[in-house]
Amino acid sequence: MTRGAMCVGLGELLWDIYGETKRLGGAPANFAYHAAALGNQGIIASRIGADHLGQEALDWLSAVDLTTEFLQIDGTRPTGITQVEVDRRGEPSFTIPGEVAWDHLEWTAEWQRLAGAADVICFGSLALRSEHSRQTSLRFLQNARPGAIRMFDVNLRHSIGSAELLDRLFGLSEIAKLNEREMHQLASLLDLRGNGITEWARQLLRRYTLQLVCVTMGGLGSVLVTDTDTVQHTAPQVDVVDTTGAGDAFGAALVHHYLRGAAPDTMARAANRLAAWVTTQMGATPAADAAVTAATREPESE
């Protein structure tokens, strides 16, 4: 694929609140932002409030040339926020209030057209915490065009229900991305056999006929598993400031090269590079660095 792909982030758009400052975030929105920085068409499908934080989100997205066409406006519920605390290692913890706009995603004719046109749909599990948004998200995924890539960005910080729901989400996906801690949780929830990340990833791949399973491991890098390859790639060593959004940047770079038929090692190298750079910045959507973007698009051999 030579053109910029239509990469949709489906789910939450929110403000990450760091004390007196804030950064726009939400895993699907972060994915769309970084996909756009790599030259794709990044689109956020979410819902915000008709409040000052919603207007600030619209203004910020317009300033960075991301379309707001598929953002729904909720007249009664507030724009989502999360309170972020970052420890000395740069690891964040989140407090996320409920009953916000993105808990009430609506199925519309505009979203049906978007679902049918997307090349990639990245969705996570946080926006599935409410039954309303869960049903809308499932409908969006089921209306994807043949050949589209649906990437399940697993996030088990908050309960998403049963193993049956996880079965359904993996079954609707071509790519699964999760971190090491989440893989350990899944091994218990889904009764995965064997020992260790790689064996569990292979089982996920086979059980759900996935095309790619990726497990991120922070500073240790990542493991990518396909039906023919298993690649472990180390991450660049950097001075970590804040790891918020690093996994979302990883996913954007991963998909960018996957769509272009890159080898797993190339995908891993590019994704680890971009994710590592994001950890050196505060917030999940830092202003793009031209050199980092160029290196991510064309990762040289190591």
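Note: the structure precedes this text.
Note that the structure is a prediction, hence the values are computed from the model and not measured.

Calculation notes
- Numbering of residues starts from 1 in each chain and follows the order in which that chain's sequence is written.
- Since the coordinates come from a predicted model, pLDDT governs what is reported: local features require at least 70, and pairs of side-chain atoms require 80 or more to be given and counted, while whole-chain, interface and lining totals use all residues.
- In computing side-chain values, all of the structure's heavy atoms are included and hydrogens and water are not.
- Secondary structure follows DSSP: runs of H or I at least 4 residues long count as helices, runs of E at least 2 residues long count as strands, and numbering of each begins at the N terminus.
- Distance and chemistry together define a polar contact, namely a pair of N or O atoms within 3.5 Å, with one atom able to donate a hydrogen and the other to accept it when in protein, and with adjacent residues in sequence counting only for side-chain atoms on both sides.
- Definition of nonpolar core: a set of buried residues of the types Ala, Val, Leu, Ile, Met, Phe, Trp, Tyr and Cys, connected through side-chain atoms within 4.5 Å.
- Exposure classes here rest on a 1.4 Å probe applied to the protein chains alone. A residue is buried below 20% of its type maximum, exposed above 50%, and partly exposed in between.
- One less than the number of residues in a helix, times 1.5 Å, gives the span that helix is expected to have.
- By the convention used here, strands pair only if DSSP detects at least 2 bridges between them.
- Geometry is summarised by axes, namely lines fitted to C-alpha atoms with helices restricted to the contacting stretch, and by angles between N-to-C directions that run from 0 to 180 degrees.
- Contact criterion: two residues are considered in contact whenever any of their non-hydrogen atoms come within 4.5 Å of each other.
- Note on definitions: the grid is 1 Å and covers protein atoms alone; a cavity is a set of points where a 1.4 Å probe fits but cannot get out; a pocket is an open set with protein on both sides within 12 Å along at least five of seven lines; lining residues have an atom within 4 Å of a point.
- Grid points are joined across faces, edges and corners, and a volume is the space filled by probe spheres set on the points.
- Each residue is assigned to one class: nonpolar for Ala, Val, Leu, Ile, Met, Phe, Trp, Tyr, Cys and Pro, charged for Asp, Glu, Lys and Arg, and polar for all the others, Gly among them.
- Salt bridges, as used here, are contacts in which a Lys or Arg side-chain nitrogen is within 4 Å of a carboxyl oxygen on Asp or Glu.

Examined against the element boundaries, Asp153 turns out to sit in strand β9 (residues 149–153). Reaching out from Asp153, the side chain makes a polar contact with the side chain of Lys177 at a distance of 3.1 Å.

Core analysis: the biggest nonpolar cluster contains 53 residues, and Phe140, Phe170, Met183, Leu204 and Val213 have the highest contact counts within it. Counting residues per element, this core draws most heavily on helix α7 (residues 197–207), at 5 residues. Listed in part, the 29 residues of the second largest apolar core include Ile149, Ala249, Val255 and Ala275.

With 13 residues, helix α8 (residues 246–258) should cover 18 Å at 1.5 Å per step; its first-to-last C-alpha distance of 18 Å lies within 8% of that length. Most of α8 is tucked away, with 11 of its 13 residues classed as buried. Three or more residues of α8 are buried, namely Ala246, Asp248, Ala249, Phe250, Gly251, Ala252, Ala253, Leu254, Val255, His256 and His257.

It is worth spelling out unusual backbone geometry at this point. Despite not being glycine, Asp65 shows a phi value in the positive range, around 65°. One can find Asp65 in the loop between α2 (52–63) and β5 (71–74). Residue Asp65 is classed as exposed on the basis of its relative accessible area, which comes to 71%.

Right, let's get into the sheet that holds strand β7 (residues 92–95). Read across the sheet, 4 strands follow the order β3-β2-β6-β7 without closing on themselves; strand pairing throughout is mixed. Two strands in the sheet have a free side with no partner beyond their single neighbour: β3 (21–25) and β7. Taking each pair of neighbouring strands and ignoring which way they run, the sheet shows an average axis angle of 30°. Each of β2 (14–18), β3 and β6 (80–86) touches α2; the most contacted strand, β3, lies at about 65° to it.

Our next topic: empty space enclosed by the protein. The full count for this structure, using the stated rule, is 3 cavities of 30 Å³ or more. Empty space within the largest cavity amounts to approximately 70 Å³. If you trace the largest cavity, you find it lined by Tyr33, His34, Ala37, Leu38, Leu274, Trp277, Pro286, Ala288, Asp289, Val292 and Thr293. For the lining of the largest cavity, the secondary-structure elements that each account for two or more residues are α1 (27–37), α9 (264–278) and α10 (290–297). The leading source of residues in the lining of the largest cavity is α1, at 3 residues. Considering only residue class, the lining of the largest cavity consists of 8 nonpolar, 2 polar and 1 charged. Taken as a whole, the second largest cavity holds about 40 Å³ of empty space. Lining the second largest cavity are Glu12, Ala27, Pro28, Gly124, Ser125, Leu126, Asp153 and Asn155. Here the lining of the second largest cavity is built from residues that sort into 3 nonpolar, 3 polar and 2 charged.

The subject of this paragraph is the pairing of strand β10 (residues 175–179). Buried residues dominate β10, accounting for 4 of its 5 residues. The pairing of β9 with β10 spans 3 bridges and is parallel. Across the sheet, the residue bridging to Phe152 is Ala176, located in β10. Relative to strand β11 (residues 212–216), β10 runs parallel, the two being bridged by 5 bridges. Looking at the pairing, Ala176 lines up with Val213 of β11.

We now examine the pattern of salt bridges. For the structure shown, the criterion picks out 14 salt bridges. A salt bridge links Asp74 to Arg77, with the shortest nitrogen-to-oxygen separation between them at 2.9 Å. A salt bridge links Glu182 to Arg181, with the shortest nitrogen-to-oxygen separation between them at 3.9 Å. With a relative accessible area of 3%, Glu182 lands in the buried category. The structure contains a network of salt bridges with shared partners spanning Arg47, Asp74, Arg77 and Glu99.

Just geometry here; none of it tells us what the structure is for.
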